[in-house]
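# Residue-level structure breakdown
The chain contents come next:
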Amino acid sequence: MDNNIILIGFMGCGKSSLGVRLSYRMRRTLADTDKIIERRKRMAVSEIFDKLGEEAFRQMETQCLERLLVRKEPQVIAVGGGLPVREQNQELLKKLGTVIYLRATAETVCERLAYDNTRPLLQGENPEEKVRKLMKEREGIYESVADYMVDTDGRNVDEIADEVLGYFSNLPKLRK
């Protein structure tokens, strides 16, 4: 289904918030892969990491994308920050629709996540160093998968939504 809008980017870049706003403004269903997995497993992502491990969670993300591929109606899809790292997921994202990379600096991410203790990959000492390291590892992947990139630093969700909708208004294949 190539009319889906897929939001990718590092944790804390605004995928979930923008997903809600775009789904409302475009009158589309929002599919948030983390929330879908949490509902299916009846566990928080952090609990899945603790009990089943990261690899099991990454496999669940792939299965979630495969299920989203068979849906007929165009959706807004927000994916977890690590989902695009798997090569198989990169291919699935491209099949699913137009991929928008929400880019934020490490400083912005750390500020947004300062009081969030639900992120399994940021637990332990020096979360800012972990953010910088993971962002550096993932940035090239995000860029290679993305059809369009949006900088989110210093911008509110409506400004970002306006830019994304402006981009799509010039694409004839996208149904509103």
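Above: the structure in question.
The notes below deal with the structure included here. Predicted, not measured: the structure shown is a model, and the values here were computed from it.

### Structural notes on unusual backbone geometry
The phi dihedral of R27 is positive, around 55°, even though this residue is not glycine. Looking at the element boundaries, R27 is found in the loop between helix 1 (15-26) and strand 2 (29-32). Its identity as a non-glycine residue notwithstanding, R42 has a phi of 55°, on the positive side. You can call R42 exposed: its relative accessible area is 77%.

### Quick word on the pairing of strand 3 (residues 75-78)
Here strand 3 shows no split at all, with Q75 and I77 on one side and V76 and A78 on the other all buried. Two elements, strand 1 (residues 4-8) and strand 3, share three bridges in a ladder whose sense is parallel. Residue L7 lies in a different strand from strand 3, and its bridge partner there is A78. The sheet contact formed by strand 2 and strand 3 spans four bridges and is parallel. Across the sheet, the residue bridging to T29 is Q75, located in strand 3.

### With respect to the nonpolar core
The biggest cluster of nonpolar side chains holds 50 residues, and the ones touching the most others in it are I8 and L93. Other than its neighbours up to four places away in sequence, L93 contacts I6, I8, L65, V79, L83, P84, V99 and V145.

### Details of the pattern of salt bridges
Pairs can form between side chains of opposite charge whenever their charged atoms are close. Following the criterion strictly, the structure yields 13 salt bridges and no others. Between D162 and R25 there is a salt bridge; the shortest N-O distance is 2.6 Å. Of this pair, D162 sits in helix 8 (residues 157-169) while R25 sits in helix 1, and the two are 137 residues apart along the sequence. Classification of D162 as partly exposed rests on a relative accessible area of 43%. The class for R25 is partly exposed, based on a relative accessible area of 33%. With its nearest N and O atoms 3.2 Å apart, the salt bridge here joins K94 to D147.

### Observations concerning the packing of aromatic side chains
Aromatic rings considered in pairs are described by the distance between their centres and by the relative angle of their planes. Following the criterion strictly, the structure yields four aromatic pairs and no others. Centroid distance Y101 to Y142: 5.1 Å. Interplanar angle 45°. Geometry classified as tilted. Taken as a pair, Y101 in strand 4 (residues 97-103) and Y142 in helix 7 (residues 127-145) lie far apart in primary sequence, 41 residues in all. Judged by its relative accessible area of 1%, Y142 is buried. The interplanar angle of 15° and the centroid separation of 4.1 Å between the aromatic rings of Y148 and Y167 together place this pair among those described as stacked. With Y148 in strand 5 (residues 148-151) and Y167 in helix 8, this pair connects stretches of sequence that are 19 residues apart. A relative accessible area of 22% means that Y148 is categorised as partly exposed. A connected cluster of aromatic rings, assembled from ring pairs, spans Y148, Y167 and F168.

Quick notes on the rules
Residues numbered from 1 in each chain as written. Predicted model: local features only at pLDDT ≥ 70, side-chain atom pairs only at ≥ 80, totals over all residues. Heavy atoms only, no water. Helix = DSSP H or I, 4+ residues; strand = E, 2+ residues; numbered from the N terminus. Buried < 20%, exposed > 50% of the residue type's maximum accessible area, 1.4 Å probe, protein only. Pairing = 2+ DSSP bridges. Core = buried A, V, L, I, M, F, W, Y, C linked by side-chain atoms within 4.5 Å. Contact = heavy atoms within 4.5 Å. Salt bridge = Lys/Arg side-chain N within 4 Å of Asp/Glu carboxyl O. Phe/Tyr/Trp six-rings, centres within 6.5 Å; stacked < 30°, edge-to-face > 60°.

Interpretation note: all reported values are geometric properties and have no functional meaning in isolation.
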